Amino acid sequence: MVWFRVGSGVGSVAKHAIRRSLCQGGSYATRTRVLPSQNRYFHTTVLKSKAQAAPVPRPVPLSRLTDSFLDGTSSVYLEELQRAWEADPNSVDESWDNFFRNFVGQAATSPGISGQTIQESMRLLLLVRAYQVNGHMKAKLDPLGLEERETPDDLDLALYGFTEADLDREFFIGVWRMSGFLSENRPVQTLRAILTRLEQSYCGSIGYEYMHIADRDKCNWLRDKIETPTPRQYNQQRREVILDRLIWSTQFENFLATKWTAAKRFGLEGGETLIPGMKEMFDRAADLGVESIVIGMSHRGRLNVLGNVVRKPLRQIFSEFSGGTKPVDEVGLYTGTGDVKYHLGTSYDRPTRGGRRIHLSLVANPSHLEAVDPVVVGKTRAKQYYSNDVDRTKNMGILIHGDGSFAGQGVVYETLHLSALPNYTTGGTIHIVVNNQVAFTTDPTAGRSSQYCTDVAKALNVPIFHVNGDDMEAVVHVCELAAEWRQTFHSDVVVDIVCYRRFGHNEIDEPSFTQPKMYKVIRNHPSALDIYQKKLLELGQTTPEDIDRIQNKVNAILNEEFLASKAYVPNRRDWLSAYWAGFKSPEQISRVRNTGVKPEILKSVGKAITALPENFKAHRAVKKIFEQRSQMIETGEGIDWAVGEALAFATLVVEGNHVRLSGQDVERGTFSHRHSVVHDQETGEKYCPLDHVIMNQNEEMFTVSNSSLSEFGVLGFELGYSMENPNALILWEAQFGDFSNGAQVIFDQFLSSGESKWLRQTGLVVLLPHGYDGQGPEHSSARLERFLQMSDDNPYVIPEMDSTLRKQIQECNWQVVNVTTPANYFHVLRRQLHREFRKPLIVMSPKNLLRHKECKSNLSEFDDVQGHPGFDKQGTRFKRLIKDQNDHSNLEEGIRRLVLCSGKVYYELDEQRKKVKADDVAICRVEQLCPFPYDLAMRELKRYPNAEVVWCQEEPMNMGAYSYVLPRLHTAMKELGRGTVEDIKYVGRAPSAATATGFITVHVKEQAELVEKALQPEPVNYPF
């Protein structure tokens, strides 16, 4: 079985350097070596014994004499440099000066190396570098030994002009500003000792990839850790702990296999060393200051991690295997739909080996591999904010990947790409790849183009540690090293545990259909526990009695928990964070709250968000915008969309809430309307007015950040961020609503169904620019119909509609709105926090309404003053439906048509109504589509008892809200005895495959026709 892809990467800078000019006493010929199993070609060189004259020196430009020694490649070049240095040491680069001082000085004072030439020294340096770069290619990584990898040419001693006769010669290889073998203080060593240590360091059970990191300090740190002469040693006590953890990992899987032989559990057999490795990593991380770890992983080994690492009660896991029961401690308790046991999450405070405690939380996730990655990173970032972890050393994310998904899923790169962005970094994520050497049934040769599954991580300056999964102590070593790297350099690191999958994709799968050779070997291969027990017995560090004692203890506990599972009743679910204490689930009563704000607060924050510093040189157009905004606040009239939004953010900040808005180009806004960050035109300095709403405001309390050009990764990040603390308004805005489908997995698997599956609430707000303006099929529709189709409210049942309660929204999976006024937008944002539960909010945000002359609100619509517009019995709040603005009475029998619509088409309808003087037509706006406002729709139906009912929309019939509204509006009409579904007329575009036309003239014609049709004197035909 080929677990790696052979590529042309064995050639390196050093290799090409040597080939250009090597030993003066020999020449090199090239031959081609064929690898039969791969049909790939490698090139290698063989030393000829025939002597050859030294090459003729060529002139060396003076500019090259300043090169660093690491760039020097030719022996002729070396000689020229040496002559120049001997004449004047200051004429060469400082690194060359140190190089020549070391070697010439050592040769003069050390008789054992008196024969060492500059050329030999250079070749020896290149040999060391070759091991550092390509030693991993020779490492023994595959526990199954199915492929003997070809040793890279770079590691061939003969390539550098050395023979066996040189093995016991002494050499000095110290170099200025280098660590490990190349450090200045290295003692003189024989070539044999140098090679032995290089082989031990780079070609054992661990393969290190780090020379792609363009940072000398980081590489030196790693060289010190890797090349240190003292091999890693664990005392007897540590080994007993590691053995105990490995027995727990192994016995847990064996126990499940025995009790539930036909159940899918996606066991860890073949990769059991993951569990002790993770535990040792956590212990080391805790010693280095980590207090909380957020974990994300797919299904393989998840139950083992839940039981042995995060400490989910074993009886609960066993109960879930037996079918499980819903919590029953409260009558009518909301339990959702649940999910399979290997998708569930949990959290726990566990003690560490060093006597500390560390909080672990495993995030619930779907079967969509790697989809949880950005969610974990976002949740980790939120933990850092709420715990004031400014150095990002107390909270850490760990992601466990599969080999196929790490290489194949694009969200992996999207998540990696966030790692160093200022408003997304978490100070480093540790990535652990459980490398089964096969993805379901697909071999690596068919599953990736790169040599290793982890090569995507090379896009960043992060180290990659490949380790043989059968070498228990090597796994522990790299796991600890990863924790040290993360805490030292605050960047990502990858641990690739090369193991195998003993039972196929799941336990009832037959892997020999597709990997017969691999599974023939696996059937006879000892477990990692057998290998480690044998090693400790041979070392005399344990006895058979000790092993039996641990195994008996583990089995006794497992059996005890199994018996307890039969009577296990789940407790009422607890939130992942203490911040959620007191928040209500769907079955608990929650009352409507006022979202209006005191006028004096509105005026105060209004001045703060419309003011720029005195000497700030804003762009003149932006300066004018802020002057107009200041005038809006001053007069209290003409508040536009951007100011309404800023007022919502500012008032929430004043109330002590965290507000975070992210997405592509959100600082300015796609449509140049927001300008939440202003740039000084002379200095480039940035100013964010919303950072200065209250005295001594925390700089992250309000965060607005342009994101990377990613939907899946960034929306997942913000979702994870929103799950940590309910007292925050977290928003993600798509550049255009059309682009949100790049994150469809997050909408489908997390946002729309997360509460139902995993009992986890989120108040995330998604802003999706939507509206038909003639911009073509990719810039018109946010696919409103998809969000409505995923809504779980029953179209044929009118729920309890008490105007003082939130029951309808509480029982719905999310809210979908298409808001048409700045004031209503202000209230719907504030409503997200001014309630005792959390629900996702999907907003069809406007485009041309941002500057529409009629789309304005007065400041009095934002406040809580009785008698002002928008104030009713409960105070000022979001209007789910806006009635006709023609001041109609409670009963208007003369109105011939009631047009219901949503979004910006209202303004076009209203303009046409004025134009044709259709005063006998009422137009109502459904601002909240989901859950459907039955009570308000019925109120309007009663108001216009003789009116023809029309639904008008811009979108094609098979899109937009029509399919969602139709059965619900019919249910409301049926309740009032107002006819059948055929009495609901449709006005809008005809069904279409594309969302919109690409021809502006066609768009204008279609738009005019639908607006005219909605207001035509004659009745509208059914269905249209």
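Residues numbered from 1 in each chain as written. Predicted model: local features only at pLDDT ≥ 70, side-chain atom pairs only at ≥ 80, totals over all residues. Heavy atoms only, no water.

### Some points on the overall build of the protein
Along its length, the protein carries 31 helices and 28 strands. Within the protein, buried positions represent 60% of all 1024 residues. Residue pairs at least 24 apart in sequence account for 79% of intrachain contacts in the protein once pairs closer than 6 positions are excluded. Looking at the protein as shown, the accessible area adds up to about 40300 Å², and 50% of this sits on carbon and sulfur atoms. (Helix = DSSP H or I, 4+ residues; strand = E, 2+ residues; numbered from the N terminus. Buried < 20%, exposed > 50% of the residue type's maximum accessible area, 1.4 Å probe, protein only. Contact = heavy atoms within 4.5 Å. Areas by Shrake-Rupley, 256 points an atom, 1.4 Å probe, with all protein chains shown as cover.)

### Regarding the packing of helix H7 (residues 236-259) against helix H8 (residues 274-287)
For the pair H7 and H8, the least separation of the axes is 8 Å and the interaxial angle reads 130°. Accordingly, the angle class assigned to the pair H7 and H8 is oblique. Remark: the crossing between H7 and H8 carries right-handed chirality. Contact residues: Arg238, Val241, Ile242, Arg245, Leu246 and Ser249 in H7; Ile275, Pro276, Lys279, Glu280 and Asp283 in H8. Its residues placed into classes, the contact of H7 with H8 shows five nonpolar, one polar and five charged. (Axes fitted to C-alpha atoms, helices over the stretch in contact; angles between N-to-C directions. Parallel < 35°, antiparallel > 145°, perpendicular 65-115°, else oblique. Left-handed = near helix turned anticlockwise from the far one by under 90°. Nonpolar A, V, L, I, M, F, W, Y, C, P; charged D, E, K, R; others polar.)

### What about the nonpolar core?
One finds Leu647, Phe747 and Ile842 to be the most contacted residues of the largest nonpolar core, which totals 141 residues. Take this core: its biggest share by element is nine residues, from helix H21 (residues 641-654). Counting residues in hydrophobic clusters, the runner-up holds 97 residues, among them Ile226, Trp248, Ala286 and Val475. (Core = buried A, V, L, I, M, F, W, Y, C linked by side-chain atoms within 4.5 Å.)

### As for H8
A rise of 1.5 Å per residue sets the reference length of H8, with its 14 residues, at 20 Å; its end C-alpha atoms lie 20 Å apart and thus fit the reference within 8%. Burial analysis of H8 places 12 of its 14 residues in the buried class, the great majority of the element. Of the residues making up H8, those classed as buried are Leu274, Ile275, Pro276, Gly277, Met278, Lys279, Glu280, Met281, Phe282, Asp283, Ala285 and Ala286. Immediately beyond the C-terminal end of H8, within one or two residues, lies Gly289, with a positive phi of roughly 110°. (Expected span 1.5 Å × (residues − 1).)

### Let's talk about the pattern of salt bridges
Under the definition given, this model contains 50 salt bridges. For Arg830, the salt bridge is made with Glu655, and the minimal N-O distance between the two is 2.8 Å. Remark: Glu655 occurs in the loop between H21 and strand S13 (658-663) and Arg830 occurs in helix H27 (residues 822-831); sequence separation between them is 175 residues. For Arg830, a relative accessible area of 1% puts it in the buried group. Among the ionic pairs, Arg939 bridges to Glu940, the shortest N-O distance being 2.8 Å. (Salt bridge = Lys/Arg side-chain N within 4 Å of Asp/Glu carboxyl O.)

### With respect to unusual backbone geometry
Of the consecutive residues Cys930 and Pro931, the connecting peptide bond is found in the cis state with omega at -10°. We note that His490 has phi near 55°; this positive angle belongs to a residue other than glycine. As for its placement among the helices and strands, His490 is situated in the loop between helix H15 (472-489) and strand S12 (493-498). Owing to a relative accessible area of 33%, His490 belongs among the partly exposed residues under this scheme. You will see that Asp665, though not glycine, has its phi angle at about 65°, which is positive. Mapped onto the elements of the fold, Asp665 is located in the loop between S13 and strand S14 (678-679). Looking at Asp665, the relative accessible area reads 35%, which means it is partly exposed.

### Thoughts on the sheet that holds strand S19 (residues 815-817)
Read across the open sheet, the seven strands follow the order S16-S13-S17-S18-S20-S19-S26; overall the sheet is mixed. The sheet is open, and its two borders are formed by strand S16 (702-706) and strand S26 (928-930), each paired with just one other strand. On average, each strand axis in the sheet is tilted by 20° relative to the strand beside it, whichever way the strands run. Examined bridge by bridge, strand S18 (residues 765-769) and strand S20 (residues 841-845) share five bridges and lie parallel to one another. Note on S20: the bridge partner recorded for Val765 is Leu841. Its contacts with the sheet place H21 against S13, S16, strand S17 (728-733) and S18, and it is angled at close to 140° to S13. (Pairing = 2+ DSSP bridges.)

### A short note on the packing of aromatic side chains
For the structure shown, the criterion picks out 25 aromatic pairs. Pairing Phe162 with Phe171 gives two aromatic rings, centres 5.8 Å apart and planes at 80°, and the pair type is edge-to-face. Judged on exposure class, the residue Phe162 and its partner Phe171 are both buried. An angle of 70° between the planes, with centres 4.7 Å apart, marks the rings of Phe826 and Phe862 as edge-to-face. Of this pair, Phe826 sits in helix H27 while Phe862 is found in the loop between S20 and strand S21 (871-872), placing the two residues 36 residues apart along the sequence. Given a relative accessible area of 0%, Phe862 falls into the buried group. Site record: aromatic cluster; members linked through ring pairs are Tyr202, Tyr208, Tyr210 and Phe465. Between Arg629 and the ring centre of Phe626, over which it is positioned, the NZ or CZ distance is 5.1 Å. Note that Arg660 overlies the ring of Tyr721, its terminal NZ or CZ placed 4.8 Å from the centroid. (Phe/Tyr/Trp six-rings, centres within 6.5 Å; stacked < 30°, edge-to-face > 60°. Lys NZ or Arg CZ within 6 Å of the ring centre and 35° of its normal.)

### Focus on the packing of helix H5 (residues 191-202) against helix H6 (residues 216-227)
Their axes nearest at 9 Å, the elements H5 and H6 cross at an angle of 105°. If you check the angle between H5 and H6, you find them roughly perpendicular. Across the interface between the two elements, Arg197, Ser201 and Tyr202 of H5 pack against Arg223, Ile226 and Glu227 of H6. For the contact of H5 with H6, a count of residues per class yields two nonpolar, one polar and three charged.

### Things to note about the confidence of the model for the protein
Counting all residues, the mean pLDDT for the protein is 85, and 85% of those residues have values of 70 or more. The low-confidence segment residues 1-73 (pLDDT under 50) makes 156 contacts with residues lying over four places distant or belonging to another chain. Across residues 106-114, where pLDDT falls below 50, the model places 12 contacts with residues more than four positions away in sequence or in other chains. (pLDDT = per-residue confidence, 0-100.)

### Remarks on the side chain of Thr250
By the secondary structure assignment, Thr250 is in helix H7. Judged by relative accessible area, Thr250 falls into the buried class, the value being 6%. Discounting residues that sit within four places of it in the chain, Thr250 has contacts with Glu272 and Leu529.

### Remarks on the pairing of strand S25 (residues 921-926)
Of all six residues in S25, six are buried, a share of seventy percent or more. Pairing of strand S23 (residues 881-882) with S25 involves two bridges; the strand directions are antiparallel. Paired with Leu881 across the two strands is Val926, which belongs to S25. Here five bridges tie strand S24 (residues 897-901) to S25, and the two strands are oriented parallel to one another. Bridge pairing links Val899 to Ile923 in S25. Note that the unit made of S24, helix H28 (residues 905-916) and S25 has a crossover that is right-handed. (Right-handed = clockwise from strand over helix to strand, strands pointing away.)

### Re the sheet that holds strand S9 (residues 395-402)
Strand order in the open sheet formed by eight strands is S5-S11-S12-S10-S9-S6-S8-S7, and the pairing between neighbours is mixed. Strands at the two margins of the open sheet, each flanked by one partner only, are strand S5 (206-209) and strand S7 (346-351). This sheet shows a mean twist of 20° between the axes of neighbouring strands, independent of strand direction. Across six bridges, the pairing between S9 and strand S10 (residues 429-435) is parallel. Each residue of the ladder has a partner; that of Gly402, found in S10, is Val434.

### Observations regarding the environment of Lys535
Looking at the secondary structure, you find Lys535 in helix H17 (residues 528-539). The exposure class of Lys535 is partly exposed, given its relative accessible area of 29%. When sequence neighbours within four positions are dropped, the list of residues in contact with Lys535 reads Arg239 and Glu473.

### Considering helix H18 (residues 544-565)
An ideal rise of 1.5 Å per residue puts 32 Å on 22 residues; H18 measures up with 31 Å between its terminal C-alpha atoms. When we look at burial in H18, the residues that qualify are Ile547, Ile550, Gln551, Val554, Leu558, Glu561, Phe562 and Ser565. Considered in projection along H18, the buried side chains sweep an arc of 105° and stay on one side of the axis. Of the exposed residues in H18, those oriented more than 90 degrees away from the buried face are Glu545, Arg549, Asn552, Glu560 and Leu563. The secondary structure elements touched by the buried residues of H18 are H7, helix H10 (314-321) and H17. (Arc of directions from axis to C-beta.)

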